[in-house]
Amino acid sequence: MDTVTLPKSGFLAHASQDLSDLMASVATEVSLDEGEVLFEQGDIGDTLYAIVSGSLEFSVLSREGRKLSLDVMRPGALFGEIALFDPGTRTATVTALEPTRLRGVKNADMLRAIRKAPDLGIDMIQLAGERMRWMSSQLNEQVFLPMPARLARKILYLTVDGSRQLAILPLSQSELAEFVGATREAVSKTLSLWKRAGVIEASRGGIRVLDREALQVMADLHQI
């Protein structure tokens, strides 16, 4: 049985030792190249995944074919827990933003492990609770906040990886628009204003935050 060292970040930073041991030994290794799709919205799912290295984008498509990016997950994050207890179709498409390694454990293996180690069940309840709070927050922001506030919050969120702040957010204006449910033109106009104010620096390489405090003020202008 192969073993792997898992990152002590994200959800795995506070997960039980039983879960870490399970993901390191029983789970199987999955490797993705940049741009490769792990699964698509609507695919049948029966696996829980942990990210070992790299990063993944989660997105959905509307009936009209419009893409909305939901999240970016990094090492230590777990996802796919819904499929463990309610096997069915995947609710989002997952795409590698860079070369990425994952560990995946099947539904049957996870349920068997929970019967032997009940603390694993607590891990899954906590994971589901975190996911529900995050989804509720995202829904509230999308419905009640104006686009500039949503954009500020998303940039602040995406430029933090655990306790580390990313020097640059390697997303284009079109990709940022997909994250906040807006047009590229609207995002470009807002970024231009922030750039002139010295809050951000925008280039072909992405977005660099120069003044996080000012961006936080913009994110909090319209509290929910």
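The shown structure was predicted, so the numbers you read here are calculated from the model rather than taken from an experiment. (Residues numbered from 1 in each chain as written. Predicted model: local features only at pLDDT ≥ 70, side-chain atom pairs only at ≥ 80, totals over all residues. Heavy atoms only, no water.)

So, the UniProt feature "domain: HTH crp-type" (unreviewed entry) in the protein chain
Formally: UniProt positions are given in the numbering used here, feature names are shortened, and annotations may be inferred rather than shown by experiment. Under the DSSP-based scheme used, a helix requires at least four consecutive residues in state H or I and a strand at least two consecutive residues in state E, with every element numbered from the N terminus.
Here, UniProt's "domain: HTH crp-type" (unreviewed entry) annotation points to residues 145-213. For the annotated span residues 145-213, helix accounts for 51% and strand for 17% of the residues, and the straight-line distance between the end C-alpha atoms is 19 Å.

Description of the packing of helix H5 (residues 147-158) against helix H6 (residues 173-180)
Let me state the cut-off plainly: Only the stretch in contact is used when a helix axis is fitted, and all axes are lines through C-alpha atoms; the angle between N-to-C directions ranges over 0 to 180 degrees. Small angles under 35 degrees read as roughly parallel and large ones over 145 as roughly antiparallel, with 65 to 115 read as roughly perpendicular and the rest as oblique. The contact criterion used throughout is that any non-hydrogen atoms of two residues lie within 4.5 Å. We call Asp, Glu, Lys and Arg charged. Ala, Val, Leu, Ile, Met, Phe, Trp, Tyr, Cys and Pro are nonpolar, and the rest, Gly among them, are polar.
With their axes 10 Å apart at the nearest point, H5 and H6 run at an angle of 105° to one another. Between H5 and H6, the interaxial angle falls into the category roughly perpendicular. On H6, the residues that touch Met147, Arg150, Leu151, Lys154, Ile155 and Leu158 of H5 are Leu176, Phe179 and Val180. In terms of residue class, the contact of H5 with H6 is built from 7 nonpolar, no polar and 2 charged.

Here we look at the packing of aromatic side chains
Aromatic ring pairs are reported here in terms of the distance separating the ring centres and the angle at which the planes meet. Note the following rule: Classification of ring pairs uses Phe, Tyr and Trp, with its six-membered ring standing for Trp, and accepts pairs whose centres are within 6.5 Å; under 30 degrees between planes counts as stacked, over 60 as edge-to-face, and the remaining range as tilted. Think of it in three bands: with a 1.4 Å probe and only protein chains considered, a residue is buried below 20% of the maximum accessible area for its type, exposed above 50%, and partly exposed in between.
Within this structure, the stated rule accounts for 4 aromatic pairs. With a centroid separation of 6.3 Å and 50° between ring planes, the pair formed by Phe39 and Phe79 is classed as tilted. Of this pair, Phe39 sits in strand S2 (residues 37-39) while Phe79 sits in strand S7 (residues 78-79), and the two are 40 residues apart along the sequence. Each member of the pair, Phe39 as well as Phe79, is classed as buried.

Overview of the sheet that holds strand S1 (residues 28-32)
Quick note on the threshold: Should DSSP find at least two bridges between two strands, the strands are regarded as paired.
The sheet built from 4 strands is open, its strands ordered S1-S10-S4-S7 with antiparallel pairing. Two strands in the sheet have a free side with no partner beyond their single neighbour: S1 and S7. Strand direction decides the pairing type here: strand S4 (residues 47-53) and S7, joined by 2 bridges, are antiparallel. Within S7, the position partnered with Ala50 by the bridge is Leu78.

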